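Chain by chain, the residues run as shown.
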2 protein chains.
Amino acid sequence: MIASACDPRIERSRSAIHSATIEELAEVGYGAMTIESIARRAGVGKATIYRHWRGKLDLVASALETIKEDVVAPTEGTVRARVTTVLEALAVHLADSDLARCLPALISAAQYDDGVREFQRGFSRERRGLLIALLDEGIASGELSADLDPELAAAVLAGPLFYSRLLSHEPFPPGRVAQVVALVLG
Amino acid sequence: MIASACDPRIERSRSAIHSATIEELAEVGYGAMTIESIARRAGVGKATIYRHWRGKLDLVASALETIKEDVVAPTEGTVRARVTTVLEALAVHLADSDLARCLPALISAAQYDDGVREFQRGFSRERRGLLIALLDEGIASGELSADLDPELAAAVLAGPLFYSRLLSHEPFPPGRVAQVVALVLG
């Protein structure tokens, strides 16, 4: 994003452009969407978009920033209970959110676009970091085994949720998250 | 696929069309590829393609059939060792195979194309079935806990491999598969 603004008209047009970007991404994919198709959907001119963003990836990154919910890990309770809460929220999110609808398009674009790949890698790393920090805390307090590899365990815990969404095309039932946590963390 | 043939020239052209389909899918994605672009890449006319396949999905399904390797679970050794072998092969496969290169495009197309979604769902179910059968065997023999849910455990075991490939964009190291199996199956 190049410029920020306080003018309410500019804010409204930025918000329309962000929404149009998310919709285009979910419906036609990264490769097929263009600044032109986004501008048309948002009802603005291409020049308006180029005034605020450098190009497609910059615009996508900025649009995804606006819809990514802040995930805050709970600070009370056992680490197992808190990991369960975080994963239940992820399951709900993957079943029905704008970000989840954009995920297949991002995964596909990451195959051939270095910028998208780096963006998605950073985004996943950030999200995974939350889980890893919780697992680290559990190991430090003795609740979890000192042998546990937090990085590996985080991928094993989150993996089945993404597997269901992306490979089985069925949302992972939030009610089964506790079973995954019990299986992995004992 | 409509017709099969024994004529070696027809076989050669079928094989060129299959290769072109896989390459197009991996490089431009399902949405952007057309019978025309596949024909051009394969050096055949569109009519040749329509003589053998009903359309894009039929052609993709038939091309993927030709590259999907038969995964045969080993029959000797403990179930834990055999699950490890199957997952190590999956990790190698996901790191570098034509099928893995097509996976992001299929995941993206499955979002908006019912045919691709059903195809991919069936394909994943079939592959997962192998792991589930092994886990069932382990439960029956008493090697694994009777409390284990084979369907859930299969997703937890395979999940991190797909997570690494699709979200972190890093191949899952086959050498770490044994750690996943130990974490999940004890």
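Scroll up to find the structure this text is about.
These lines cover the structure that appears in this document, whether it is placed above or below. The shown structure was predicted, so the numbers you read here are calculated from the model rather than taken from an experiment.

## Structural notes on the environment of Pro173(A)
Within the secondary structure layout, Pro173(A) lies in the loop between helix H8 (150–168) and helix H9 (177–185). Counting along the chain gives 95 residues from Pro173(A) to Thr78(A), while the straight-line C-alpha distance between them is 22 Å.

## Section: the nonpolar core
Ranked by internal contacts, the top residues of the largest apolar core, which has 69 residues, are Val83(A), Leu157(A), Val83(B) and Leu157(B). Look past the residues within four positions of Leu157(A) in its chain and what remains in contact with it is Val83(A), Leu87(A), Leu131(A), Leu135(A), Val180(A), Val181(A), Val184(A) and Leu185(A).

## Examining the interface of chain B and chain A
Residue-level contacts link 39 residues of chain B with 39 residues of chain A. Summed over both sides, the interface of chain B with chain A buries roughly 3,500 Å², with 63% coming from carbon and sulfur. Three residues stand out in chain B for area buried against chain A, namely Tyr163(B), His169(B) and Leu183(B), and they jointly supply 19% of the buried area on that side. Across the chain B-chain A interface, the total number found is 4 salt bridges. Taken together, chain B and chain A are joined by 18 residue pairs in polar contact (both at pLDDT 80 or more). Those elements that provide at least two residues to the side of chain B that touches chain A are helix H1 (8–28), helix H6 (98–110), helix H7 (114–141), helix H8 (150–168) and helix H9 (177–185) of chain B. Residues that form the side of chain B that touches chain A fall into these classes: 22 nonpolar, 8 polar and 9 charged.

Conventions and cut-offs
- Residues numbered from 1 in each chain as written.
- Chains lettered and ligands numbered in written order.
- Predicted model: local features only at pLDDT ≥ 70, side-chain atom pairs only at ≥ 80, totals over all residues.
- Heavy atoms only, no water.
- Helix = DSSP H or I, 4+ residues; strand = E, 2+ residues; numbered from the N terminus.
- Core = buried A, V, L, I, M, F, W, Y, C linked by side-chain atoms within 4.5 Å.
- Buried < 20%, exposed > 50% of the residue type's maximum accessible area, 1.4 Å probe, protein only.
- Contact = heavy atoms within 4.5 Å.
- Buried area = accessible area lost by both parts, 1.4 Å probe.
- Salt bridge = Lys/Arg side-chain N within 4 Å of Asp/Glu carboxyl O.
- Polar contact = N/O pair within 3.5 Å; in protein donor to acceptor, adjacent residues only side chain to side chain.
- Nonpolar A, V, L, I, M, F, W, Y, C, P; charged D, E, K, R; others polar.

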